[in-house]
Amino acid sequence: MAYDKFEILKTTAVPLPIENVDTDQIIPARFLKATTRDGFGDNLFRDWRYNSDNTPKQDFILNNPLYGGKILVGGKNFGSGSSREHAAWAVYDYGFRCVISSFFADIFKNNCLNIGVLPAQVSAAFLDKIFKAIEADPNAEFEVSLPEQTVTIVATGEQESFDINSYKKGNMLNGFDDIDYLQSMKDEIKSFAEKLPL
């Protein structure tokens, strides 16, 4: 499988309440030389995380030990800019399995879905509730259910639904990328091909 199956994710979250986070901020262009998905997490938000001498910037959220978890909560228009797949790779390789925002750039959203990162788009009002819940308690938990297509603030039970393409949903539930999906159908494809006239 291309990645672990995604069903129900219950975890704390890392807040990044910044709008218009583009893919060059997610993974700067100088780190796009590799062609495999490994190692990009080290450079996720590289210019925001580190000083020029490679020391961590203490005021950046990923360097704050109070926050952790497998959900990244971003501001509106997350993943704008260039179409680089590496941005989604960096998010996954760092350890996030879900990004929550009130709006995603389409290409970034699809790149995430292809590798097992769930982009859960919620309303601006519900996103604000999530940010406030984390601000009040860095250990606040959230439950993201792919089967039910819901995001829940565990402490209050407040919940909102999100949309997802049914094909991508099926792939995520099975841990498939597009190639894995075709591989899973190889017997059906072979059977169909054998019935075709020469």
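Structure's up top.
Residues numbered from 1 in each chain as written. Predicted model: local features only at pLDDT ≥ 70, side-chain atom pairs only at ≥ 80, totals over all residues. Heavy atoms only, no water.

For the rest of this paragraph, the subject is the overall build of the protein. When you go through the protein residue by residue, the secondary structure sums to 8 helices and 8 strands. Within the protein, buried positions represent 45% of all 198 residues. Summing over all exposed atoms, the protein offers an accessible surface of approximately 10500 Å²; the carbon and sulfur share of this is 49%. (Helix = DSSP H or I, 4+ residues; strand = E, 2+ residues; numbered from the N terminus. Buried < 20%, exposed > 50% of the residue type's maximum accessible area, 1.4 Å probe, protein only. Areas by Shrake-Rupley, 256 points an atom, 1.4 Å probe, with all protein chains shown as cover.)

For the rest of this paragraph, the subject is the pattern of salt bridges. Tallied over the entire structure, the rule returns 4 salt bridges. In this structure, arginine 30 and aspartate 47 form a salt bridge, with 2.6 Å as the shortest nitrogen-oxygen distance. Taken as a pair, arginine 30 in the loop between helix H1 (23-26) and helix H2 (46-49) and aspartate 47 in helix H2 lie far apart in primary sequence, 17 residues in all. Judged by relative accessible area, aspartate 47 falls into the partly exposed class, the value being 37%. With a shortest N-O distance of 2.9 Å, lysine 129 and glutamate 158 are connected by a salt bridge. Placement of the pair is lysine 129 in helix H5 (residues 124-136) and glutamate 158 in strand E8 (residues 158-161), with a sequence separation of 29 residues. The partly exposed category is assigned to lysine 129, whose relative accessible area is 41%. Given the relative accessible area of 30%, glutamate 158 is considered partly exposed. (Salt bridge = Lys/Arg side-chain N within 4 Å of Asp/Glu carboxyl O.)

Moving on to the side chain of threonine 150. Here threonine 150 is to be found in strand E7 (residues 150-153). In this view, threonine 150 contacts Glu143, Val144, Ser145, Gln159, Glu160, Ser161 and Phe162; residues no more than four positions away in its chain are not counted. (Contact = heavy atoms within 4.5 Å.)

Looking now at the environment of serine 145. By secondary structure assignment, the location of serine 145 is in strand E6 (residues 142-145). Taking the C-alpha atoms as reference points, serine 145 and phenylalanine 6, 139 residues apart in sequence, are found 8.7 Å from one another. Excluding anything up to four places from it in sequence, serine 145 contacts Glu7, Ile8, Thr150 and Phe162. A polar contact of 3.1 Å, which involves the side chain of serine 145, links it to the backbone nitrogen of glutamate 148. (Polar contact = N/O pair within 3.5 Å; in protein donor to acceptor, adjacent residues only side chain to side chain.)

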